[in-house]
Amino acid sequence: MDIALELCDTYVFDYLYSLVLPAGPVPYNLKDGVANSTMMSPRAASPWRYEPASKFISFQPTDYAYMSSWTRDNVYRQTCSLFWITWIAGAAIYFVASSLSYQFVFDKTTFKHPKFLKNQIRMEIAQATSSMPGIAVLTTPFFLFEVLGYSKLYDALEDQPFAYYNWLQFPLFLLFTDFCIYFIHRGLHHPLIYRSLHKPHHKWIMPTPYASVAFHPVDGFMQSLPYHVFPFIFPLQKFAYLALFLFVQIWTVFIHDGEYVANSPIINGAACHTMHHLYFNYNYGQYTTLWDRLGGSYRKPNEELFRRETKMGQKEWEKQVAEMEKVVKEVEGEDDRSYGTEEDLKLSFKKKN
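Note that the coordinates shown come from a computational prediction; the quantities given were computed from them, not determined experimentally. (Residues numbered from 1 in each chain as written. Predicted model: local features only at pLDDT ≥ 70, side-chain atom pairs only at ≥ 80, totals over all residues. Heavy atoms only, no water.)

K.L.:
I'm lost on the nonpolar core in this one. Help?
P.N.:
One broad rule of soluble globular proteins: the nonpolar side chains tend to lie buried together. Counting 28 residues, the largest nonpolar core has Tyr94, Ile205, Tyr260, Leu278, Phe280 and Met324 as its most contacted members. The element best represented in this core is helix α9 (residues 270-279), accounting for five residues. With sequence-adjacent residues up to four places away left out, Met324 is seen in contact with Lys115, Ile205, Leu278, Tyr279, Asp335 and Tyr339. Formed by 25 residues, the second largest nonpolar core is a distinct cluster that contains Phe13, Tyr17, Phe143 and Cys180. (Core = buried A, V, L, I, M, F, W, Y, C linked by side-chain atoms within 4.5 Å. Buried < 20%, exposed > 50% of the residue type's maximum accessible area, 1.4 Å probe, protein only. Helix = DSSP H or I, 4+ residues; strand = E, 2+ residues; numbered from the N terminus. Contact = heavy atoms within 4.5 Å.)

K.L.:
Explanation requested: helix α8 (residues 238-254) in the structure shown.
P.N.:
Here α8 contains 17 residues, and its C-alpha end-to-end distance of 25 Å stays within 8% of the 24 Å for a straight helix at 1.5 Å per residue. Along α8, the positions that sit buried rather than exposed are Lys238, Ala240, Tyr241, Leu244, Val248, Trp251, Thr252 and Val253. The N-capping residue of α8, defined by a side-chain oxygen 2.7 Å from the backbone nitrogen of Phe239, is Gln237. (Expected span 1.5 Å × (residues − 1). Polar contact = N/O pair within 3.5 Å; in protein donor to acceptor, adjacent residues only side chain to side chain.)

K.L.:
Got a minute to help me understand the packing of aromatic side chains in this structure?
P.N.:
Pairs of aromatic rings are described using the distance from one ring centre to the other and the angle between the two planes. Scanning the entire structure with this criterion turns up 36 aromatic pairs. Centre to centre, the rings of Phe162 and Tyr165 are 5.3 Å apart; their planes meet at 75°, and the pair counts as edge-to-face. What makes Phe162 partly exposed here is its relative accessible area of 44%. Of the residues examined, Tyr165 reaches a relative accessible area of 4% and is grouped as buried. One aromatic cluster in this structure is built from Tyr94, Phe95, Tyr102, Phe106, Phe111, Phe116 and Tyr210. Note that Lys108 overlies the ring of Tyr102, its terminal NZ or CZ placed 4.7 Å from the centroid. We note Lys115 situated over the ring of Tyr339; from NZ or CZ to the ring centre the distance is 4.1 Å. (Phe/Tyr/Trp six-rings, centres within 6.5 Å; stacked < 30°, edge-to-face > 60°. Lys NZ or Arg CZ within 6 Å of the ring centre and 35° of its normal.)

K.L.:
Whenever I open this one, the pattern of salt bridges confuses me. Can you help?
P.N.:
Pairs may arise between side chains of opposite charge once their charged atoms sit close together. Taken as a whole and assessed by the stated rule, the structure comprises 14 salt bridges. Each of Asp9, Asp14, Arg72 and Arg77 takes part in salt bridges that share partners, so that together they form one network. (Salt bridge = Lys/Arg side-chain N within 4 Å of Asp/Glu carboxyl O.)

K.L.:
How do you make sense of the side chain of Gln78 when you look at a structure like this?
P.N.:
Along the chain, the position of Gln78 falls in helix α3 (residues 75-104). The class of Gln78 is buried, set by a relative accessible area of 8%. Apart from residues no more than four positions distant in its own chain, Gln78 is found in contact with Leu5, Arg72, Asp73, Leu144, Val147 and Leu148.

K.L.:
Teacher, can you tell me more about the packing of helix α7 (residues 217-233) against α8 here?
P.N.:
Between two packed helices, both the angle of their axes relative to each other and the distance between the axes serve to describe the pair. Look at α7 against α8: their axes get within 11 Å of each other, and the N-to-C directions meet at 165°. With respect to their mutual orientation, α7 and α8 come out roughly antiparallel. As for the relative orientation of α7 and α8, their crossing is right-handed in sense. Across from Tyr227, His228 and Pro231 in α7, the residues of α8 making contact are Tyr241, Phe245 and Val248. Classifying every residue of the contact of α7 with α8 by side-chain character gives five nonpolar, one polar and no charged. (Axes fitted to C-alpha atoms, helices over the stretch in contact; angles between N-to-C directions. Parallel < 35°, antiparallel > 145°, perpendicular 65-115°, else oblique. Left-handed = near helix turned anticlockwise from the far one by under 90°. Nonpolar A, V, L, I, M, F, W, Y, C, P; charged D, E, K, R; others polar.)

K.L.:
What is the right way to read α3 from this model?
P.N.:
Residues three or four positions apart in an α-helix share a direction because the helix packs 3.6 residues into each turn. Across its 30 residues, α3 extends 43 Å between first and last C-alpha, which sits within 8% of the 44 Å expected from 1.5 Å per residue. With a side-chain oxygen lying 2.8 Å from the backbone nitrogen of Tyr76, the N-terminal cap of α3 falls on Asn74.

K.L.:
Can you walk me through the side chain of Glu146 in this structure?
P.N.:
The topology assignment puts Glu146 in helix α4 (residues 120-147). An unpaired buried charge is present at Glu146: no salt bridge exists, and Lys238, the closest side chain of opposite charge, is 9.4 Å distant. (Lys, Arg positive; Asp, Glu negative; His and termini not counted.)

K.L.:
Is there a simple way to explain the packing of α3 against α4 in this structure?
P.N.:
Taken N-terminus to C-terminus, the directions of α3 and α4 make an angle of 140°; their axes are 8 Å apart at the nearest point. Classified by the angle between their axes, α3 and α4 sit oblique to one another. Where α3 crosses over α4, the handedness of that crossing is right-handed. A breakdown of the residues in the contact of α3 with α4 according to their chemical character gives 18 nonpolar, six polar and one charged.

So this is what it looks like as structure tokens:
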């Protein structure tokens, strides 16, 4: 995250901090005791010295970097900057990835599903955007400790702990985070905490890509925790870290896009995750079905989901609804979602068939 911070400091934050928290008057260079000799430059007067975050890429600071009382190494400034980066970058990735998926991938026939909510997309976006600041607050300390040098992130490829680790770090990251998220996600379904934390995300029985971050902020943070813990336990190359961070965000959108491409016994794709949203107590994994299989919570997606003619057919929908309503009663009690009137649902079936 120090690379992202350096980039944002150079092009945004240096200027803003110099305006909001300007440095004190620049002292003079004294020559032979004469006080009115030459004024020191802001660079020379500042106690902070520039060191690039990476040897592969750097962003040379302008004079604004030396013109704030909160220099770049000020921990309060770093905390504020990282919070804004986390919030704004997360929101940008969410809206870009979700919108592209919605436009080019998401099956719009889902709108006619009897369990698609009134104004669902608007509610998904509202839930996501309201949660983002809270998630950013909880995430910022991890990024701060990374910037302060407490993690095992490394820059140079030759700093890998052993041969081929630069390649092995990718499957290691996926296995570790998939393992941890499985147990965190399954724990969030415990009756003692499900209603207060995880139920907001299960409001969406038939999710759209915009549901990918539509969580309670504590729920969203808990499920992202393994990503932030990983570089404090295992070495991770800085650019690999940024790439994986981006991949995680995009994957989360993909498993909510309703396009059931991955009919795989290994990959936990959109079809597997749809089973989770429909029937609650299955397929807790993030990337693979491994931990669900070992934990006895794997449910193979219905074969009908992979055939265009049956995927959104009345028979499949009726089967889904019948089982889903039983599960909702067991897990939540009364279903407080607003799906529309019975007439609306009948009409949607007629139009489809």
